[in-house]
Amino acid sequence: MSTLQFQFQFQFQFQFQSDIRSAHHVASSSFSSLSPKGSFTFPLRLVRRPLHSNSTTSFGPRAFSNNTSVSDKPSVCTADELHYVSLPNSDWRLALWRYHPPPLAPPRNHPLLLLSGLGTNAIGYDLSPESSFARYMSGQGFDTWILEFRGAGLSVQASNFKEIKETADAVSEQMEAVANSVTNGVSPLQQPTNVSGCLSDSEIYFLREDSIGIGTAWDEEELVEKVTEIFMRLSERLSGFLSEGQSRLISAKLFDQISKLLEDSQLSERFEEIRLSLSNLLEKQQNSGIASQIRDLSQRLVNIIEEHQRSVSPQFINMQERFSSTIEDFQKQLDLIVKYDWDFDHYLEEDVPVAMEYIRAQAKPKDGKLLAIGHSMGGILLYSILSRCGFEGKEPRLKAVVTLASSFKYTSSKPLNLLLPLLDPAQALNVPAVPLGTLLATAYPLSSRPPYILAWLNDLISAEGMMHPELLEKLVLNNFCTIPVKLITQLTSALRENGLSDRSGKFFYKDHLCKSNVPALAIAGDQDQICPAEAVEETVKLFPENLVTYKIFGEPQGPHYAHYDLVGGRLAMEQVYPYIVHFLNHHD
């Protein structure tokens, strides 16, 4: 390893917060493709589900009506249609890209669902007309759908047609702007970000011991209300978003910030009394009496700051402004925790089932089953569905699955071990979301242009010579999104000896894959550093032997396949895609 490479990895691991803080203008993922525009389906109202019309259960995917469409879907979407399906008890609308088989394609019995990897969108499956896994599969007769999980790509938070349309268009424009900025030599960090679902400048704030804000005007009454609201939210555990331990941890950080403002002050003892009282209240059950006490203590805290301001020289320190700024930044931190509050189990239990039911309702397979392919985390989700259904004795309603570079256990993955610091709960609160898209876009010029300081980053994505430079650039600049640290934290359980677990840490998915009754094809790349072939093989061994097929792509003398080459490499259409189609033909 070169000195520069070592230094970058060291900084990435141990200065994670400051690296991300500097990347505070974030784009979700991709830019416009050149494919023709198709129809944009914006379902608007709750409709009866054709496959379950006799169901009395109200909790389920509220499939939007597909009788409302416009011809100008967002330019970034290269599919034939763009559908939206809503998550129950949520304002998230998941985007589903649909690719229709051409008229002369062979007829198929089951629709095909494609699931993407961690922090990625649909672009990876449809890089260009000449390198499109989705188009290839639809050309083979499969009614092909790509799911974009919450927080990825064109999935949006909206409640009606107008909001969906405006937000999706804004996301698409932002994707174009970020990619174009890098192409034109402008850092993505200099791009404005005002898109719902992106991390804006005002949202990126990390609770660091050395960061105390400066700047907003003093309004005592307003500030008392803000302080009261913060502690009320903490006492309510942010309505379920924080555990008791996390609430205690994050409130302690705020107290430490305020304490630094009062260092060496005669008022510090009075502050410590208020701190102790507030800490005790935050651990009690919420009621009207506590609310009154919290407001009283908040008033006293503001009064201390005011009194301290009068005791120092304003020309050296504006205590009131610094306190106001600290409180406002803390509010943003709480909002960010709430905004990016989902993990792997949310995808498994909500996003994927909702999408599968919607696709079944649209495609109407006779046996109600789907074919599914997952890359990286998408494949882990498919494994997890089979494991969970095997454990519970349920039918997964999958005819067959294909996984690309997926495993339940990643102890042999050196790059992923950089995520180990996020196992610390305190770190997860300090950095609620990782703007992966912006970080990669910022680093890309250093990996693709002289002196190629970060060239090793490209090797994690694609083996040398396996992707056309323009497609590799598009993948790096367009395919990656912002990732909640709660999601990363759960996935890092795969770095432990027992492999991936549910959010409770008590259910290990690998323990029940042996109960699966669904045929599976597991594919690995010979030079995949993120999910090494031995990791894939280790999960393959958990299947019933008669139900699993294992294939490694790559030869000793080349060509070689890294993590994304299985989907978008220049030889994938000749070698990988036909192999997958042959497997699916056998089980369709």
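Residues numbered from 1 in each chain as written. Predicted model: local features only at pLDDT ≥ 70, side-chain atom pairs only at ≥ 80, totals over all residues. Heavy atoms only, no water.

Helices and strands together make up the secondary structure of the protein, namely 20 helices and 14 strands. Put simply, of all contacts in the protein between residues at least 6 apart along the chain, 79% involve residues at least 24 apart. (Helix = DSSP H or I, 4+ residues; strand = E, 2+ residues; numbered from the N terminus. Contact = heavy atoms within 4.5 Å.)

Take the nonpolar core next. Core analysis: the biggest nonpolar cluster contains 122 residues, and W97, M137, L154, I373, L398, I580 and L584 have the highest contact counts within it. For this core, the element with the highest residue contribution is helix α11 (residues 344-363), accounting for nine residues. Formed by five residues, the second largest nonpolar core is a distinct cluster that contains A443, W456, L460 and I530. (Core = buried A, V, L, I, M, F, W, Y, C linked by side-chain atoms within 4.5 Å. Buried < 20%, exposed > 50% of the residue type's maximum accessible area, 1.4 Å probe, protein only.)

This part is about the confidence of the model for the protein. Averaged over all residues, the pLDDT of the protein is 74; the fraction at 70 or higher stands at 58%. Confidence drops under a pLDDT of 50 for residues 1-70, and excluding neighbours within four residues, the segment shows 198 contacts in the predicted structure. A low-confidence stretch, residues 200-218 stays under pLDDT 50, and its non-local contacts, those more than four residues away or across chains, total 65 contacts. (pLDDT = per-residue confidence, 0-100.)

It is worth spelling out the packing of helix α14 (residues 436-448) against helix α16 (residues 469-478) at this point. With their axes 8 Å apart at the nearest point, α14 and α16 run at an angle of 145 degrees to one another. Across the interface between the two elements, L440, A441 and Y444 of α14 pack against P469, L472, E473, V476 and L477 of α16. Tallied by class, residues from the contact of α14 with α16 come to seven nonpolar, no polar and one charged. (Axes fitted to C-alpha atoms, helices over the stretch in contact; angles between N-to-C directions. Nonpolar A, V, L, I, M, F, W, Y, C, P; charged D, E, K, R; others polar.)

Quick look at unusual backbone geometry now. Between G558 and the following residue, P559, the backbone shows a cis peptide bond with an omega angle of 0 degrees. The topology assignment puts P559 in the loop between β14 (548-553) and α19 (565-568). For N89, which is not a glycine, the phi torsion comes out positive at approximately 55 degrees. Within the secondary structure, N89 is located in the loop between β4 (81-86) and β5 (92-99).

Applying the stated criterion across every chain, the model contains 16 aromatic pairs. With a centroid separation of 6.2 Å and an interplanar angle of 70 degrees, the aromatic rings of F344 and Y509 are classed as edge-to-face. Taken as a pair, F344 in helix α11 and Y509 in the loop between α17 (485-491) and β13 (520-525) lie far apart in primary sequence, 165 residues in all. The residues F344 and Y509 share a single accessibility class, namely buried. (Phe/Tyr/Trp six-rings, centres within 6.5 Å; stacked < 30°, edge-to-face > 60°.)

With 16 residues, helix α12 (residues 377-392) extends 22 Å from end C-alpha to end C-alpha; this agrees with the ideal 22 Å at 1.5 Å per step. In terms of burial, α12 is largely enclosed, as 14 of its 16 residues are buried. Just beyond α12, the residue with positive phi is G393, at close to 70 degrees. (Expected span 1.5 Å × (residues − 1).)

This paragraph deals with the side chain of S155. With respect to the helices and strands, S155 occurs in the loop between β7 (144-148) and β8 (156-157). The class of S155 is buried, set by a relative accessible area of 5%. Polar side-chain contacts of S155 include one of 2.6 Å to the backbone oxygen of E148. Setting aside chain neighbours within four positions, we find S155 in contact with Y84, W92, R93, L94, A95, E148, F149 and R150. (Polar contact = N/O pair within 3.5 Å; in protein donor to acceptor, adjacent residues only side chain to side chain.)

Time to look at the packing of α11 against α12. Relative placement of two packed helices is described by the angle separating their axes and the distance separating the axes. Two elements in contact, α11 and α12, have axes whose closest approach is 10 Å; the angle formed by their N-to-C orientations is 75 degrees. Viewed along their axes, α11 and α12 adopt a mutual orientation that is roughly perpendicular. Across the interface between the two elements, F344, Y347, L348, E349 and V352 of α11 pack against M377, I380, L381, S384, I385 and R388 of α12. For the contact of α11 with α12, a count of residues per class yields eight nonpolar, one polar and two charged. (Parallel < 35°, antiparallel > 145°, perpendicular 65-115°, else oblique.)

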